[in-house]
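Given next are the chains, with one letter for each unit.
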Amino acid sequence: MKISTLVSKIPASPTLSITAKVKELRAQGKDVIGFGAGEPDFDTPDNIKQAAIEAINKGVTKYTPVGGSPALKEAVCASIEADYGLQTTPDNVIVSCGAKHSLYNLFLTLFEQGDEVICAAPYWVSYPPMIEIAGATPVIVDTRSEGMKLTAAMVKEAITARTRGIIINSPSNPTGMLVERKELEEIARLCVEHDIIIISDDIYNKIIFDDKEFFSVATISPEVARRTFIINGSSKTYSMTGWRIGYCVGDATVIKAMTRLQSQSTSNPTSFAQEGAVVSLRSDQGIVEERRKIFEKRRDLIVSKIREIPGLDIIPPDGSFYSFPSIKGYLDRFGSAEGLADYLLEKVLVAVVPGEGFGADDHMRLSFATSEKNIIEGLERIKHALTAL
Ligand SMILES: Cc1ncc(COP(=O)(O)O)c(C=O)c1O
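**Here's the deal with the site of the ligand**
Taken together, 13 residues lie around the ligand, and A99, D201, Y204, S235 and K236 are the ones closest in. The backbone of A99 places a nitrogen or oxygen atom 2.7 Å from an oxygen atom of the ligand. A distance of 2.6 Å separates a nitrogen atom of the ligand from a polar atom in the side chain of D201. When the free accessible area of the ligand is taken as 400 Å², the share hidden by the protein chains comes to 93%. In terms of residue class, the shell around the ligand is built from 5 nonpolar, 4 polar and 4 charged.

Dropping the structure here:
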């Protein structure tokens, strides 16, 4: 059957296909070490699980309001106040089936043909396709020459009369980089001057290392907050990727329009998953910090192991659970990151995500949401495969 022109143009998410490939090889009994994971390897905390189980037992198994239950919206507002110092009301919140779904609704609600949306590369794989699905044009700003840090000068150069939006993802997937505070301040000033909407995808805001701190563009001034949409969700902070709870916080008129869109597609996110999300936000956050420390230790380990491999180069990530080494030293040999990734999977059963899908074909992404044992063994295998060339 004929596939629509719109869907024909959509690439499959490369990160999800790597995960599927690893599962398939493991099912065949192969001892694969996977660095593809876009999700914490920890389990969802017990109190959150219990809340969802109790919700099911209590009969919270029916439709909720389309944009999320009042209790979850209130919990999101409380967490925005605690983390950003911003006063919001439930009218400023929509809960969707994952942050990805919130972003999708937001792009479709805000952008259309003729609009340009600035997006820093290396980028999260889904931004450009989602912008294109909305009919708009992603304008890619390559940060590789600046140590993968987005700067205001780069943004200034990319702005045209058609620029409608900019995505800020700090810490970033796949680089783990934070955008520096002074750059964010200047970017925000440019956005006010040129009437540009800011999408602040803060999904890794609780996984930041060393003495660095999360700084959100939304906190710069009320004027900047008014044009900013904060995206976050349960997936990364609370190890709840399968629960599919994400949210967007911003201008009430836009949130209402997004809710209309959601009412004609998925309706509400799963009722009892929302109950779990309420507990995640309302309960003691100690476990988040515990897990952040584990990620930091693994970050140190993976960076040191990558640095032992000739031809690889790494800027240590400020946050997230991704490392994104340069593979320039091997490009002549393999022609592309995909070629290198195929070689590693075939030769030593190590799965990495090639950089092409992130707009950086001279890099590969290794997630460190895996045990120290896997990091040591996996990097040993990569070293062996590459030094054997
Ligand atoms: C930068 C970024 N934004 C959004 C998401 C979406 O997360 P979810 O839909 O699981 O909430 C991800 C997941 O990989 C991500 O890396």
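Continuing now.
**As for the environment of T15**
Tracing the backbone shows T15 in helix α2 (residues 14-27). Along the sequence, T15 and A37 sit 22 residues apart, while their C-alpha atoms lie 7.6 Å from each other. Sequence-distant contacts of T15, that is, excluding residues within four places in its chain, are made with V125, V353, F358 and R365.

**Observations concerning the packing of aromatic side chains**
In this structure the tally under the stated criterion is 11 aromatic pairs. The interplanar angle of 85° and the centroid separation of 5.6 Å between the aromatic rings of F324 and F358 together place this pair among those described as edge-to-face. Remark: F358 occurs in the loop between β11 (353-354) and β12 (364-367) and F324 occurs in the loop between β9 (322-323) and α13 (328-334); sequence separation between them is 34 residues. As far as burial versus exposure is concerned, F324 and F358 are alike and both buried. Members of the aromatic cluster, joined through ring pairs, are F42, Y204, F295, F321 and Y322.

**Comments concerning the pattern of salt bridges**
Applying the stated rule across the entire model yields 26 salt bridges. A salt bridge links E186 to R189; its shortest N-O distance comes to 2.9 Å. With E186 and R189 both in helix α8 (residues 181-193) and 3 residues apart, the pair spans about one turn of that helix. The exposure class of R189 is partly exposed, given its relative accessible area of 40%. Across the salt bridge formed by K293 and E289, the nearest N and O atoms sit 4.0 Å from each other. A residue pair is termed a helical-turn pair when its members lie 3 or 4 positions apart in one helix, as K293 and E289 do in helix α12 (residues 286-307) at 4 residues. Look at the salt bridges and you will find they share partners, linking D142, R144, K328, D361 and D362 into a network.

**Here's the deal with the state of the cysteines**
Inspection of the entire model under this criterion finds 0 disulfides. C77 takes part in no disulfide bond, and the closest cysteine sulfur to it belongs to C248, at a distance of 12 Å. Its sulfur unpaired, C119 is 14 Å from the next cysteine sulfur, which belongs to C191.

**Some words on the domain arrangement of the protein**
If you check the domain split of the protein, you get domain 1 (5-30 + 286-387) and domain 2 (63-282). For domain 1 and domain 2, the distance between their C-alpha centres works out to 25 Å. Across the contact, 32 residues belong to domain 1 and 30 residues belong to domain 2. When domain 1 packs against domain 2, the two sides together hide about 2600 Å² of surface, and 62% of this comes from carbon and sulfur. A per-residue breakdown of the area domain 1 buries against domain 2 is headed by V288, D318 and F358, which together make up 25% of the total. Taken together, domain 1 and domain 2 are joined by 5 salt bridges. With a closest N to O distance of 3.9 Å, R144 and D361 form a salt bridge. On inspection of domain 1 and its partner domain 2, the count reaches 15 residue pairs in polar contact (both at pLDDT 80 or more). If you list the elements that add at least two residues to the side of domain 1 that touches domain 2, you get α2, α12 and β9. Here the side of domain 1 that touches domain 2 is composed, by residue class, of 16 nonpolar, 8 polar and 8 charged.

Rules used throughout
Residues numbered from 1 in each chain as written. Predicted model: local features only at pLDDT ≥ 70, side-chain atom pairs only at ≥ 80, totals over all residues. Heavy atoms only, no water. Near = heavy atom within 4 Å. Polar contact = N/O pair within 3.5 Å; in protein donor to acceptor, adjacent residues only side chain to side chain. Areas by Shrake-Rupley, 256 points an atom, 1.4 Å probe, with all protein chains shown as cover. Nonpolar A, V, L, I, M, F, W, Y, C, P; charged D, E, K, R; others polar. Helix = DSSP H or I, 4+ residues; strand = E, 2+ residues; numbered from the N terminus. Contact = heavy atoms within 4.5 Å. Phe/Tyr/Trp six-rings, centres within 6.5 Å; stacked < 30°, edge-to-face > 60°. Buried < 20%, exposed > 50% of the residue type's maximum accessible area, 1.4 Å probe, protein only. Salt bridge = Lys/Arg side-chain N within 4 Å of Asp/Glu carboxyl O. Disulfide = S-S within 2.5 Å. Domains from an automatic or database assignment. Buried area = accessible area lost by both parts, 1.4 Å probe.

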